[in-house]
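Understanding the architecture of this molecule
Now for the letters of each chain:
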Amino acid sequence: MSAAGMNAAGAKAARAYLDHNASSPLRPEARAAIVEALDAGGNASSVHGPGRAARARVERARGQVAALAGAMARQVTFTSGATEALATVLHPQVEVAGRPMPCDVLLASAVEHPAVTRGHRFPAGALETIAVGRDGRIDLDALDAALQRHAGAGRRAMVALMAANNETGVLQPVTEAARLVHTHDGVLVCDAVQVAGRMPFHMGTLAVDFLALSAHKLGGPQGIGALIAGHADSRVTPLMTGGGQERGQRGGTEAVALIAGFGAAAEAARAGYETGGERERLAGLRDRMEAEIAARIPGAVVVGSGAARIPNTSLIAFSGAKAETLVIALDLSYVSVSAGSACASGKVGASHVLTAMGVDGDLASGTVRLSLGWSSTEEDVARVVDALQKAVPQTGGRPVRAA
């Protein structure tokens, strides 16, 4: 073990974890709920006592997850994660509020997650990309023009627009986009994975038709997520059929322990930002981190800083550096960060998000994502700043174009 990994007493150093956008550590409330459900056992479809107790855990969690999104419990369908939720709903055949609304094309912003850009169930060639500005926000005029063009040709559009980008943290104008989509009789699907647990959001305010969540981004277990419909009478074409679970929207025995953990994490996250000032705490840590990096590392650029962002995320570019090298160097100093989306790790090439924003190649190749969460501390921020200052090649303060 390197000296950086040892403290004065020779014990292994604690790790500073700043990769919550990839996966957030399990909250103690979620762990307790999971263990309790595992110990109790039972199939939620069984009618005997243990089965009814399992069903009660599932329905309690359904209410907790619904409350996080400002929805009703019967609007929530549990899935294995947000990827499955999106793969389910991104299909030409959907019903919204009991009305069949077959869609001919899928319009997606240029910065959507690969679960949208690669995982949809529309026919080949039916996906159309909508440009974003240099700040990473969707071009609403371009969206409106595309909607008008398709509507004029008798085609209904489904639109996929994330609430916040997983790499930059930039918030999208979802409510404004919903107004345009619904004016043209379209359907709006929102990936709200990175917003949940970081700041309040409400289905009614967003005005989306469907919304996807993932438990492990907010301190719940991996392997569980949800698709939330804007109306209880909305229906999707199931990706998985079976015994009729989840109101026939997702077959297969419910993962009771994971669902219980999701519910507990959702409740803890909601309490944190509604009554505990968690949003303000995270924003304070992020702003302090960005200010110290800017002061100590010449030429550092915060990508997307010109737009509103979720309070926990910083995508910072260092001219002349290589992101992979920085991530490894920080890891050796027991600091965990990411070079971008964890779902794209191991893939060669520039981030499609940065390409869409027009960030030049030199700057894009030196970006690292620092994402905070419920377990983050001031010590974590101090350690990542120190580690970056040691790892980033000195640029001599030469000017770098703002991103």
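Definitions and limits used
- Residues numbered from 1 in each chain as written.
- Predicted model: local features only at pLDDT ≥ 70, side-chain atom pairs only at ≥ 80, totals over all residues.
- Heavy atoms only, no water.
- Buried < 20%, exposed > 50% of the residue type's maximum accessible area, 1.4 Å probe, protein only.
- Helix = DSSP H or I, 4+ residues; strand = E, 2+ residues; numbered from the N terminus.
- Pairing = 2+ DSSP bridges.
- 1 Å grid on protein atoms, 1.4 Å probe; cavity = no way out; pocket = protein on both sides within 12 Å on 5 of 7 lines; lining within 4 Å.
- Points joined across faces, edges and corners; volume = space filled by probe spheres on them.
- Nonpolar A, V, L, I, M, F, W, Y, C, P; charged D, E, K, R; others polar.
- Axes fitted to C-alpha atoms, helices over the stretch in contact; angles between N-to-C directions.
- Parallel < 35°, antiparallel > 145°, perpendicular 65-115°, else oblique.
- Left-handed = near helix turned anticlockwise from the far one by under 90°.
- Contact = heavy atoms within 4.5 Å.
- Expected span 1.5 Å × (residues − 1).
- Core = buried A, V, L, I, M, F, W, Y, C linked by side-chain atoms within 4.5 Å.
- Salt bridge = Lys/Arg side-chain N within 4 Å of Asp/Glu carboxyl O.

A few words on the pairing of strand β5 (residues 105-109). β5 sits mainly inside the fold: five of its five residues count as buried. One ladder, built from four bridges, connects β5 with strand β7 (residues 157-160); its direction is parallel. By the bridge assignment, Ala108 is partnered in β7 with Ala160. By the bridge criterion, four bridges tie β5 to strand β6 (residues 127-130) in an arrangement that is parallel. Directly across from Ala108, in β6, lies its bridge partner Thr129.

On to the layout of surface pockets, then. Space inside the second largest pocket adds up to approximately 270 Å³. For the lining of the second largest pocket, the secondary-structure elements that each account for two or more residues are α6 (174-183) and α7 (203-206). It is α6 that provides the largest number of residues to the lining of the second largest pocket, a total of three residues. For the lining of the second largest pocket, the per-class residue count stands at ten nonpolar, four polar and two charged.

At a closest axis distance of 7 Å, the pairing of helix α1 (residues 28-40) and helix α8 (residues 256-275) adopts a crossing angle of 155°. With respect to their mutual orientation, α1 and α8 come out roughly antiparallel. In the packing of α1 onto α8, the handedness of the crossing is right-handed. Mapping the contact onto sequence places Glu29, Ala30, Ala33, Ile34, Ala37 and Leu38 in α1 and Val256, Ala257, Ala260, Gly261, Ala264, Ala265 and Ala268 in α8. Taken together, the residues that form the contact of α1 with α8 break down as eleven nonpolar, one polar and one charged.

A separate point is the side chain of Ser214. Mapped onto the elements of the fold, Ser214 is located in strand β9 (residues 210-214). In this structure Ser214 comes out as buried when scored by relative accessible area, which is 6%. Not counting chain neighbours up to four residues away, the residues in contact with Ser214 comprise Ala82, Val193, Ile224 and Gly225.

Our focus in this paragraph is unusual backbone geometry. Despite not being glycine, Ala97 shows a phi value in the positive range, around 55°. Relative to the assigned elements, Ala97 resides in the loop between β3 (94-96) and β4 (99-100). For Ala97, a relative accessible area of 39% puts it in the partly exposed group. At Ala207, a position not held by glycine, the phi torsion is positive, near 65°. Relative to the elements of secondary structure, Ala207 occurs in the loop between α7 and β9.

What follows is about helix α2 (residues 49-69). Given a rise of 1.5 Å per residue, 21 residues ought to cover 30 Å, and the 31 Å separating the end C-alpha atoms of α2 matches this to within 8%. For α2, every residue scored as buried is listed here: Gly51, Ala54, Val58, Ala61, Arg62, Gln64, Val65, Ala66, Leu68 and Ala69. Where α2 is buried, its residues contact β2 (76-79), α7, β9, β10 (225-229) and α8. Once α2 ends, the next one or two residues include Gly70, with phi positive near 70°.

So, on to the pairing of β9. The side chains of a regular strand alternate, residue by residue, between the two faces of the sheet. A large share of β9 lies buried, amounting to five of its five residues. Side chains Phe210, Ala212 and Ser214 project from β9 onto one buried face, and the interleaved Leu211 and Leu213 project onto a second face that is buried too. When strand β8 (residues 187-191) meets β9, the two strands line up parallel, connected through three bridges. When the bridges of β9 are listed, Asp191 appears paired with Ala212. Inspection of the sheet shows β9 paired to β10 by five bridges, in the antiparallel sense. Residue pairing in the sheet places Ser214 in a bridge with Gly225 of β10.

The next subject is the nonpolar core. Ranked by internal contacts, the top residues of the largest apolar core, which has 60 residues, are Phe78, Phe201, Leu213 and Ile228. Among the elements that make up this core, the one with the highest residue count is α8 (ten residues). Look past the residues within four positions of Phe201 in its chain and what remains in contact with it is Leu68, Ala69, Gly70, Ala192, Val195, Ala196, Leu206, Leu211, Leu213 and Tyr273.

Moving on: the sheet that holds strand β13 (residues 313-317). With respect to topology, three strands assemble into an open sheet ordered β12-β13-β15, the strand pairing being antiparallel. Where the open sheet ends on each side, the last strands, each with one partner, are β12 (301-302) and β15 (367-371). Pairing between β13 and β15: five bridges, direction antiparallel. Residue pairing for β15: Leu315 is matched across the bridge by Arg369. Of the strands in this sheet, β12, β13 and β15 touch helix α9 (residues 278-296), which is tilted by about 15° from β13.

This part is about the pattern of salt bridges. Summed over all chains, the structure comprises 16 salt bridges. Put simply, Glu378 and Arg288 hold a salt bridge, and the shortest N to O gap is 3.9 Å. Highlighted residues: Glu378 in helix α13 (residues 378-391) and Arg288 in helix α9, separated in sequence by 90 residues. The exposure class assigned to Glu378 is exposed, which follows from its relative accessible area of 56%. Given the relative accessible area of 36%, Arg288 is considered partly exposed.

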